[in-house]
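Below are the chains, spelled out letter by letter.
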Amino acid sequence: MSEQTGQCLCGSIHYKITAEPLLTAVCHCTHCQKATGSAYSINIGVPADGFHVDGDTLSTYVDKGDSGQDLRRYFCNNCGSPIYTEADVMPGMSIVKAGTLDDTSSFTPGINIFCQSKMAWLNDNGETVDFEQMPPAG
Ligand SMILES: [Zn+2]
Ligand SMILES: [Zn+2]
């Protein structure tokens, strides 16, 4: 596949994705709503060794996932853009915030997760598989 690149709003953090995505998901959880200031986050899960990030304004907020395990949210401390997340429940995966891609035209969400907290004004498009919480592993 072609390599994908992205950056934060101020441009001080850049990244490159060199691996095939493992999953794409829209997350409606309340933490993503707060972290993005929006209705949901859009995510591309890629193998961590296929995700290369650069920039000295990268900060981390250690969050707790639904599982009770740690989740590290990486963001730009200059402009506030969320860049990616690492979850202890998904070791070896970098979950990139797809809105920061330079070219978002190829992004298509495969699933919706945490639909239990989906905002009421969002209508189903009927094209994705929706899970009330985190889908079962495997
Ligand atoms: Zn920035
Ligand atoms: Zn979420």
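Source: prediction; values computed, not measured.

1. Side note on the coordination of the zinc ion (ligand 1)
Each protein donor to the zinc ion (ligand 1) is listed here as Cys8 (SG), Cys10 (SG), Cys76 (SG) and Cys79 (SG); together their distances run 2.3 to 2.4 Å. Its four donor atoms give the zinc ion (ligand 1) angles of 105 to 114° at the centre, a pattern that matches the tetrahedral case. Summarised as a motif, the one-chain spacing of the donors to the zinc ion (ligand 1) is C-x1-C-x65-C-x2-C. Here Cys8, found in the loop between strand 1 (4–7) and strand 2 (14–17), pairs with Cys76, found in strand 7 (residues 70–76); they are 68 residues apart in sequence, far enough to count as distant. Here Cys76 falls in the buried class, since its relative accessible area comes to 1%.

2. Some points on the coordination of the zinc ion (ligand 2)
Within the protein, Cys27 (SG), Cys29 (SG) and Cys32 (SG) serve as the donor atoms for the zinc ion (ligand 2), at 2.1 to 2.3 Å. Read from N- to C-terminus, the donor residues coordinating the zinc ion (ligand 2) fall into the pattern C-x1-C-x2-C. This pair shows no difference in class: Cys27 is buried, exactly as Cys29 is.

3. Focus: the side chain of Asn112
Tracing the backbone through its elements, the reader meets Asn112 in strand 10 (residues 111–113). A distance of 2.9 Å separates polar atoms of two side chains, one belonging to Asn112 and the other to Asp130. Setting aside residues up to four positions removed in sequence, Asn112 forms contacts with Val26, His28, Thr128, Val129, Asp130 and Phe131.

4. Side note on the nonpolar core
Counting residues in each nonpolar core, the largest one holds 15 residues, and the members touching the most others are Tyr15, Ile17, Phe51 and Val96. Every element with two or more residues in this core is listed here: strand 2, strand 4 (41–47), strand 7 and strand 8 (82–87). Setting aside residues no more than four positions away along its own chain, Val96 makes contact with Tyr15, Ile17, Ile42, Asn43, Ile44, Val46, Phe51, Ile83 and Tyr84.

Thresholds, definitions, all that
Residues numbered from 1 in each chain as written. Chains lettered and ligands numbered in written order. Predicted model: local features only at pLDDT ≥ 70, side-chain atom pairs only at ≥ 80, totals over all residues. Heavy atoms only, no water. Donors = N, O, S within 2.8 Å, 3.2 Å for Na, K, Ca; no water. Tetrahedral: all angles 85-135°; square planar, octahedral: opposite > 155°, others 65-115°. Helix = DSSP H or I, 4+ residues; strand = E, 2+ residues; numbered from the N terminus. Buried < 20%, exposed > 50% of the residue type's maximum accessible area, 1.4 Å probe, protein only. Polar contact = N/O pair within 3.5 Å; in protein donor to acceptor, adjacent residues only side chain to side chain. Contact = heavy atoms within 4.5 Å. Core = buried A, V, L, I, M, F, W, Y, C linked by side-chain atoms within 4.5 Å.

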